[in-house]
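For reference, the chains in residue letters:
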Amino acid sequence: MSISVLLADDHQLVRTGFRVILEMEDDITVAGEAADGAQAVELALRLRPDVVLMDVEMPGMDGLEATRRIAAAGGPSVLILTTFDRDDYLFAALRAGASGFLLKNGTPEALTEAVRVIAAGEALLAPAVTRRVISTFTAPVAAGVRLDQLTPREHEVLVLLAGGATNAEIATTLRLGETTVKTHVSRVLMKLGARDRTQAVVLAYELGVVRPGG
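Residues numbered from 1 in each chain as written. Predicted model: local features only at pLDDT ≥ 70, side-chain atom pairs only at ≥ 80, totals over all residues. Heavy atoms only, no water.

Draft legend 1. Geometry of the sheet that holds strand β1 (residues 3–8). Strand order across the open sheet formed by 5 strands is β2-β1-β3-β4-β5, with parallel pairing between neighbours. Two strands lie at the open edges of the sheet, namely β2 (28–34) and β5 (100–103), each paired on one side alone. For this sheet the average axis-to-axis angle between neighbouring strands, irrespective of direction, equals 25°. Pairing of β1 with β2 involves 6 bridges; the strand directions are parallel. Directly across from Leu-7, in β2, lies its bridge partner Glu-33. Packed on one face of the sheet, helix α1 (residues 12–23) meets β1, β2, β3 (51–55) and β4 (77–82) and runs near 165° to β2. (Pairing = 2+ DSSP bridges. Helix = DSSP H or I, 4+ residues; strand = E, 2+ residues; numbered from the N terminus. Axes fitted to C-alpha atoms, helices over the stretch in contact; angles between N-to-C directions. Contact = heavy atoms within 4.5 Å.)

Draft legend 2. Focus on the nonpolar core. Residues Val-157, Leu-158, Ile-170 and Leu-192 are the most contacted members of the largest nonpolar core, which totals 22 residues. Looking at this core, the elements with two or more residues in it are α7 (152–162), α8 (167–174), α9 (178–192) and α10 (197–206). In terms of nonpolar packing, the next biggest core, distinct from the first, is built from 21 residues, Leu-6, Ala-40, Val-56 and Ile-80 among them. (Core = buried A, V, L, I, M, F, W, Y, C linked by side-chain atoms within 4.5 Å. Buried < 20%, exposed > 50% of the residue type's maximum accessible area, 1.4 Å probe, protein only.)

Draft legend 3. Inspection of the UniProt feature "modified residue: 4-aspartylphosphate" (unreviewed entry) in the protein chain at higher detail. Following the UniProt record, the feature "modified residue: 4-aspartylphosphate" (unreviewed entry) maps to Asp-55 here. Within the element layout of this structure, Asp-55 appears in strand β3. Excluding anything up to four places from it in sequence, Asp-55 contacts Ala-8, Asp-9, Asp-10, Gly-63, Leu-81, Thr-82 and Lys-104. (UniProt positions renumbered as here; feature names shortened; annotations may be inferred.)

Written out as structure tokens, the structure is:
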């Protein structure tokens, strides 16, 4: 099935470039384009694409606020795209509910792969990036979350998730079927109250399940 994508960037040339890259792929289509955050929210909730590619710095409502509103409304997954490799953007993107973070100076292959990964639900930042961001956290978001709700197997799954493992890699490590792993991941997210895998990783670090640099 084709993956539908919404492009949100205030620069027409950037949107055109992304459209050309994405529409060269047989399994990706561009559902629409937004020039600011408010338009991105409106189109994301009306068109319901699989993935929103969201710039951070846009006039009026910025990409982080737009991401926050899309996530709060139960909208599609958001991939933050920015020119700036800044920890505060990474941190804010995670807090807003983004499912990924990518720099604009990456390769076309990295962009298309990121779209596929997020559309498939493998919404994880690279472990090195995740550790760098989590190590700067000062305000916990894990209040009320209890690890004792997890079974021993679910705890193992959470540790592997926090290390950046995909479902297939978790299945191999724990010698389980991928369907079983998907069930465990779903239960972990539900018990932790996490919107997606990225938020589960944040909680894993803040709850001390894993440690930055570990």
